[in-house]
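For reference, the chains in residue letters:
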Amino acid sequence: MPLVTPFQNSLRFAATIGDGTGTGATFAIAATAFTNDAGTAATAFPGTFNYYNLYVNGLMQTADTSSVTTTTLTIPGGDALNDGTPIVVQFVVS
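Given the structure is predicted, the values throughout are model-derived calculations rather than measurements.

(A) Representation of the environment of Phe7. In this fold, Phe7 is placed in the segment before β1 (9-16). Looking at Phe7, the relative accessible area reads 56%, which means it is exposed. In the structure, Phe7 is positioned 67 residues away from Thr74 in sequence and 28 Å away in space, judged by C-alpha atoms. Other than its neighbours up to four places away in sequence, Phe7 contacts Val93 and Ser94.

Here it is as structure tokens:
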């Protein structure tokens, strides 16, 4: 049985669609384009996390909408959205 840690915290990062590059399936936003909760530029996303939530224009997205690495958030088709659309990614960590 896996260990479940009793403490969980979340880390949030914010950007806009206009910060992304690429088109179609390759549309992605670099971690360095995001700001963290302190309002400073992010250097990377967490390397380990329990799960993450993606919010596009304030609405939580389904799991098949994106993928994430320590350096990039990929949103296939995100280039079709308005450049000013806010993006928030929240990582739940232990």
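(B) Broad picture of the nonpolar core. In terms of nonpolar packing, the biggest core is built from 18 residues, with Phe34, Phe45, Leu73 and Ile87 touching the most fellow members. Of all elements in the fold, only β1, β4 (51-56) and β8 (86-93) reach the threshold of two or more residues within this core. Leaving out residues up to four positions away in the same chain, Ile87 has contacts with Phe13, Ala14, Ala15, Thr16, Ile17, Ile29, Phe34, Leu54, Tyr55, Val56, Leu73 and Ile75.

(C) Quick peek at the UniProt feature "domain: DUF4183" (unreviewed entry) in the protein. UniProt annotation of "domain: DUF4183" (unreviewed entry) refers to residues 22-91 when read in the numbering used here. Between the C-alpha atoms that bound residues 22-91 the distance is 24 Å, and the span itself is 0% helix and 34% strand.

Rules used throughout
Residues numbered from 1 in each chain as written. Predicted model: local features only at pLDDT ≥ 70, side-chain atom pairs only at ≥ 80, totals over all residues. Heavy atoms only, no water. Helix = DSSP H or I, 4+ residues; strand = E, 2+ residues; numbered from the N terminus. Buried < 20%, exposed > 50% of the residue type's maximum accessible area, 1.4 Å probe, protein only. Contact = heavy atoms within 4.5 Å. Core = buried A, V, L, I, M, F, W, Y, C linked by side-chain atoms within 4.5 Å. UniProt positions renumbered as here; feature names shortened; annotations may be inferred.

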